[in-house]
Amino acid sequence: MTIDTLPRLTRKDFVSDQTVRWCPGCGDYAILAQVQKVMPDLGVPKENIVFISGIGCSSRFPYYMNTYGVHSIHGRAPTLATGLKLANPELSVWVVTGDGDGLSIGGNHLVHTCRRNVDLNIILFNNRIYGLTKGQYSPTSPAGLRTKSSPMGAIEQALNPISVALAAEATFIARTVDVIQDHMGDVIQAAAAHKGVSFVEVFQNCVIFYDGAWEPFSDRGIRDDNNIYLEAGKPMVFGKNNDKGLIRTTAGFEVVTLGEQYSLADLAVHDVTSDTNAWMLSRLTYPMPMGVIYQVQRPTYNDLLWGQVAAAKTKAGASDLRALYNASDTWTVSDDGQPAQSGIKGEVPQEIDEAYFAEVMERVHANGDLIDLLSEMTIEDLDPQGPITVETSARMDNALSVMRQKDIGCLLVTSADRHLTGILTEHDLLTRVAGRVENLHEVTVAQFMTPRPTALPLDAPLVEALHLMSTQGFRHLPIVDAHNLPVGVISVRDVVRFLITAI
Amino acid sequence: MTEDQRPVVIQELESVVIRFAGDSGDGMQLTGTQFTNTAAIIGNDISTLPDYPAEIRAPAGTLAGVSGFQVHLSESDISTPGDAPDVLIAMNPAALKASLPDMQPGASIIINTDAFNKANLAKAGYENNPLHDGTLSNFRIYEVPVTTLNRNAVADVAGLSPKEINRSQNFFALGLVYWVYDRPLQSTIEWVNKRFKNKPEAIEANVRALRAGYYFGDTTEAFQVRYRIKPARLRAGHYRKISGNEAMALGLVTAAQKAGKPLFFGAYPITPASDILHALAPLRHFEVLTFQAEDEIAAMGATLGAAFGGVFAATGTSGPGVALKSEAMNLALMLELPMVIVNVQRGGPSTGLPTKVEQSDLLQVMFGRNGESPLPVLAPATPGECFDMAVEAFRLAMRAMAPVIILSDGFLANSSEPWPIPDPDAIPPIPVEHPTQSNGGDRFQPYRRDPVTLGRPWAIPGTPGLEHRVGGLEKSPDFGNVSYAAQDHQRMVNDRAAKVARLADIIPDQTVFGPEEGELLVVGWGGTYGAIHAAVAHAQNQGYAVAHAHIRYLNPFPRNLGYILQRYKRILVPELNMGQLSLLLRGRFVRDVISLNKVEGRPFKISEINKTITELMAGA
């Protein structure tokens with residue numbers, strides 16, 4: 001389905017039937033409203049959107065979104081989101097977390113999810129307090145904060161979420177404020193558009209346990225003098241009257257007033273791809289950087305993983321369980337309970353045939369009509385050579401002279417009652433006979449053949465033979481009738497010849 | 001052949017137990033594996049027990065650093081790596097000292113005398129040289145200066161350092177044992193050629209060492225007898241050698257293929273489960289998505305996320321990993337999503353004995369989560385059965401829409417046996433249904449259960465109209481809205497338990513080996529199968545009316561298990577723990593049982609179980 005054909009969705013389509021149960025005045029309401037408002041503009045079908053959260057006030061979020069969602073366990077949302085995105089890369093997967101959920105109990109997962117660059121959108125609601133458990137200090141609480149668990153003041157250094165994300169190699173890092181609605185909408189849109197992990201810190205107010213934690217940056221009257229709204233490639237100007245800016249000095253950013261001494265041209269330009277720039281911004285508290293602080297492109301984990309799947313399929317061909325089970329030394333026990341010939345696996349020899357074969361196959365793949373043709377054609381159309389057979393009890397010297405006389409690469413081996421029991425190929429001679437057996441007159445074909453070869457009926461589609469040859473490295477395929485009596489044999493050479501005439 | 005060549009007798013044996021023991025850097029695992037491969041290919045039945053230290057390189061020459069590999073070859077169906085070695089290859093004094101307690105009088109010991117110097121004797125804690133002080137008077141000793149002989153054989157291979165020369169001495173020992181047991185060198189030579197494809201000097205050295213060991217056996221006077229173990233009369237078919245971890249990996253990917261699904265395998269490296277991850281990682285062409293997570297918790301979380309996304313998802317770990325995963329396993333139970341959790345048990349508690357076998361996580365997986373948290377639990381009995389149980393686990397997971405646990409163990413994981421290669425076309429497909437239409441009109445009901453299985457619909461993201469939320473909070477039936485209502489919680493707890501219990505409707509009945517009723521039933525589970533089976537068979541041959549029931553379905557139990565337990569006067573439960581199945585049987589069936597417990601980090605010996613059986617029967 002393309003975007004054009006999508007029914008036009010509205011904010012209402014993303015509102016679930018569940019009653020929202022945050023405290024009145026909680027900053028989460030504003031974030032929810034803005035996310036619901038932005039969703040219709042993402043160009044993603046609603047059924048492809050998934051919200052995954054951990055535990056905490058913010059983590060109730062998925063219940064209120066009329067999308068797919070998981071309310072998981074404390075700190076682990078990024079792990080579920082990762083598994084989900086890898087299972088189905090088509091999905092737009094969102095992680096909703098908080099300062100406790102994401103940076104304390106889930107710190108490890110957040111860091112590793114960022115560095116892997118899984119294509120997820122992570123929104124971290126930072127209210128600098130534990131709300132759901134009723135007011136303990138969090139990993140972003142300022143030192144000295146008095147809470148129920150720190151009555152004499154917190155004695156821990158706070159974490160800086162933006163610095164953490166940067167150190168964790170996130171490829172998109174942004175910050176916004178719950179009550180600055182348009183700004184938040186833009187940031188969320190940008191996060192959604194970024195291919196790779198997007199980390200968004202939202203300054204969010206907890207009215208009950210830490211009201212006003214972000215007041216300088218959220219209060220309508222003063223925030224524009226305290227925040228700098230970053231724009232990629234633009235000079236770093238801020239202030240209610242756009243009268244202040246940042247210049248780069250050897251020590252970092254310095255705030256200057258525009259006017260007599262400094263003009264717009266003197267200000268630092270926001271290089272969104274520079275990690276040095278991003279690091280300095282992450283440490284800045286006046287003005288507080290808002291917007292996209294850092295954004296670079298790096299291959300995503302999900303693309304790389306599925307890329308490996310595609311590459312492996314191209315190389316190894318379609319999955320074949322039988323071949324997988326047999327990808328080891330094997331041996332056969334016959335009906336009398338005695339071991340017959342073992343099939344010790346060696347390297348599949350790379351011969352000129354194979355390179356040429358691969359080249360031809362490439363041309364085949366490029367030609368869709370030919371695929372159809374090959375599916376309709378059967379092995380019979382190839383007019384296979386009649387089989388040249390020997391019995392299992394035949395002496396090897398006799399078998400070899402037959403191969404020499406007839407100039408053939410393989411012999412089909414039959415039991416006394418004429419049924420196909422094995423195949424003796426040049427490869428067998430090369431790996432099992434040459435240099436190992438002194439007197440060929442004393443040994444029998446049964447000792448050196450490959451037992452129970454894969455065989456096809458005459459009416460099998462030609463593509464099946466092609467598939468077996470390309471995935472299993474077979475250079476000869478026995479053809480049998482319904483009673484397992486050999487009726488012919490086809491070789492890679494036969495197939496290649498046929499393809500050349502067909503292309 | 002020269003005229004004065006001494007006659008060498010070839011004696012036929014039914015079976016033999018051989019242990020290769022040396023320093024953990026001596027390549028004993030490789031030596032044992034090569035010997036096993038060759039034996040398997042020429043048709044012996046095999047069972048192996050690798051026994052190695054947890055440290056990659058424990059201090060050389062010490063008891064802690066001894067690495068052993070025991071293999072049991074037989075012409076008949078065998079089920080254990082053997083109680084006591086008939087032959088020990090001791091590469092140094094520590095290896096000798098560590099193995100002697102397991103040796104029976106009369107056994108043969110091939111000793112690398114070059115390693116029996118003062119320093120090595122001291123490291124092994126020998127005050128006197130055991131070669132000279134009578135310690136070994138009960139054994140048949142073959143003194144072979146392996147290091148010197150090997151050095152002479154390999155010395156003129158160009159481009160080898162003295163260290164590299166000595167590194168090939170395990171192949172000398174292997175060659176010697178090949179001669180003694182009349183085995184062909186071919187398969188090992190092929191392996192060497194493949195393994196050292198780009199190192200011709202290493203091929204040369206190892207092949208020469210192997211041949212030198214073989215010819216040494218041929219020319220020295222020390223060995224008067226060669227032995228031959230006839231090929232086993234295995235059932236007709238196509239075989240390969242397989243370990244439990246390999247079989248588990250093949251089973252997991254087979255289940256996914258049989259459902260037409262990718263396989264997601266989220267794991268964190270842990271002994272002895274990592275080989276499952278290693279076996280799956282190269283299978284990208286089967287759409288196998290292996291994910292090495294940052295920790296055990298993330299491995300479980302990602303597995304859950306993948307299951308929510310609609311693929312076949314599994315994770316593999318050991319007991320300490322299950323401890324970390326428990327919280328997310330409980331969430332998986334609450335979300336009611338299908339997935340498989342493999343626990344390759346090792347010695348516990350805590351870090352415990354990482355490389356040793358134990359069955360002590362049964363109660364952990366049954367009860368080690370908060371709340372009422374019943375999960376299906378399966379236990380393969382042999383390495384090959386890990387394959388069947390992996391497929392079975394996904395089949396049950398699909399039916400119950402629940403995570404299913406497989407309890408393997410360190411013995412099954414690393415032990416090898418001949419495996420009749422199954423026909424993939426004969427394995428039934430695993431039907432999977434993802435609804436595309438709402439089951440409840442306007443509002444899809446994610447927790448509306450199938451009336452028979454009590455499983456819930458597996459609606460996956462990307463399906464229009466079925467958008468829904470799931471979570472770890474308790475929920476209302478059908479709609480799955482968050483609910484703490486009294487009757488809702490009771491009902492959901494009941495349903496989650498009932499759907500697991502109802503798996504008993506489709507799992508096979510418990511079978512019994514031996515009389516259907518009588519004096520004594522020996523009940524086991526998991527990797528102790530071989531030892532129990534052999535001990536019971538032996539007791540039956542002694543004339544005792546003893547039967548063996550091996551439980552592969554631990555939750556729920558097979559429906560007829562209670563009935564079976566009633567049919568015998570006494571029940572003996574051998575376990576490599578302190579009585580965990582015993583506790584379950586007592587609690588579930590109100591039936592007293594006799595526990596035979598052992599936690600020594602090693603499998604049961606047949607004789608240990610047989611002794612208990614005969615004591616009980618004699619006292620009966």
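For clarity, every value in this text was computed on a predicted model and none was experimentally measured.

Parameters at a glance
Residues numbered from 1 in each chain as written. Chains lettered and ligands numbered in written order. Predicted model: local features only at pLDDT ≥ 70, side-chain atom pairs only at ≥ 80, totals over all residues. Heavy atoms only, no water. Helix = DSSP H or I, 4+ residues; strand = E, 2+ residues; numbered from the N terminus. Rg over C-alpha atoms; globule rule 2.2 N^0.38 Å. Buried < 20%, exposed > 50% of the residue type's maximum accessible area, 1.4 Å probe, protein only. Contact = heavy atoms within 4.5 Å. Axes fitted to C-alpha atoms, helices over the stretch in contact; angles between N-to-C directions. Parallel < 35°, antiparallel > 145°, perpendicular 65-115°, else oblique. Nonpolar A, V, L, I, M, F, W, Y, C, P; charged D, E, K, R; others polar. Core = buried A, V, L, I, M, F, W, Y, C linked by side-chain atoms within 4.5 Å. pLDDT = per-residue confidence, 0-100. Pairing = 2+ DSSP bridges.

### Notes on the overall build of chain B
Turning to step 1, where the next piece is worked out: For chain B, the helix and strand inventory stands at 20 helices and 22 strands.
Turning to step 2, where the next piece is worked out: Over its C-alpha trace chain B gives a radius of gyration of 27 Å, about what one expects of a compact globule, namely 25 Å for 620 residues.
Turning to step 3, where the next piece is worked out: When the 620 residues of chain B are sorted by exposure, 63% land in the buried category.
Turning to step 4, where the next piece is worked out: Contacts spanning at least 24 positions in sequence make up 76% of the contacts within chain B whose residues lie at least 6 apart.

### As for the packing of helix α6 (residues 169-180) of chain B against helix α7 (residues 186-195) of chain B
Residue and element names in this part refer to chain B.
Turning to step 1, where the next piece is worked out: With their axes 11 Å apart at the nearest point, α6 and α7 run at an angle of 160° to one another. Here α6 lies roughly antiparallel to α7, going by the angle between them. Mapping the contact onto sequence places F171, L174 and Y178 in α6 and T188, W191 and V192 in α7.
Turning to step 2, where the next piece is worked out: Among the residues making up the contact of α6 with α7, the classes are represented as five nonpolar, one polar and no charged.

### Comments concerning the environment of P486(A)
All names here are of chain A.
Turning to step 1, where the next piece is worked out: Along the chain, P486 falls in strand β22 (residues 486-491).
Turning to step 2, where the next piece is worked out: Of the residues examined, P486 reaches a relative accessible area of 16% and is grouped as buried.
Turning to step 3, where the next piece is worked out: As for P486 and H419, which are separated by 67 residues in sequence, their C-alpha atoms are 7.0 Å apart.
Turning to step 4, where the next piece is worked out: Setting aside its immediate chain neighbours within four residues, P486 contacts P387, T389, L412, T414, R418, L420, I479 and V480.

### Comments concerning the nonpolar core
Residue and element names in this part refer to chain B.
Turning to step 1, where the next piece is worked out: In terms of nonpolar packing, the biggest core is built from 159 residues, with L252, L280, F312, L554, L581 and L585 touching the most fellow members.
Turning to step 2, where the next piece is worked out: In terms of residues, this core owes the most to one element, helix α14 (residues 385-400), which gives eleven residues.
Turning to step 3, where the next piece is worked out: Residues within four places of L581 in sequence aside, it is in contact with L362, V523, G524, W525, I551, L554, F557, V573 and E575.
Turning to step 4, where the next piece is worked out: Counting 55 residues, the second largest nonpolar core, distinct from the first, contains I18, V154, F172 and L174.

### Some thoughts on the confidence of the model for chain B
All names here are of chain B.
Turning to step 1, where the next piece is worked out: For chain B, the average pLDDT comes to 92, and 98% of its residues sit at 70 or higher.
Turning to step 2, where the next piece is worked out: In this model residues 1-5 is a low-confidence stretch, pLDDT under 50, and it forms one contact with partners more than four residues away in sequence or in other chains.
Turning to step 3, where the next piece is worked out: Predicted complex metrics record ipTM = 0.87 and pTM = 0.80.

### Some points on the sheet that holds strand β11 (residues 244-249) of chain A
All names here are of chain A.
Turning to step 1, where the next piece is worked out: As summarised here, the arrangement of the three strands in space is β10-β11-β12, forming an open sheet in which the pairing is antiparallel. Two strands bound the open sheet, and with one partner strand each, they are β10 (237-238) and β12 (252-257).
Turning to step 2, where the next piece is worked out: Examined bridge by bridge, β10 and β11 share two bridges and lie antiparallel to one another. In the strand pairing of β11, V237 is matched with G245.

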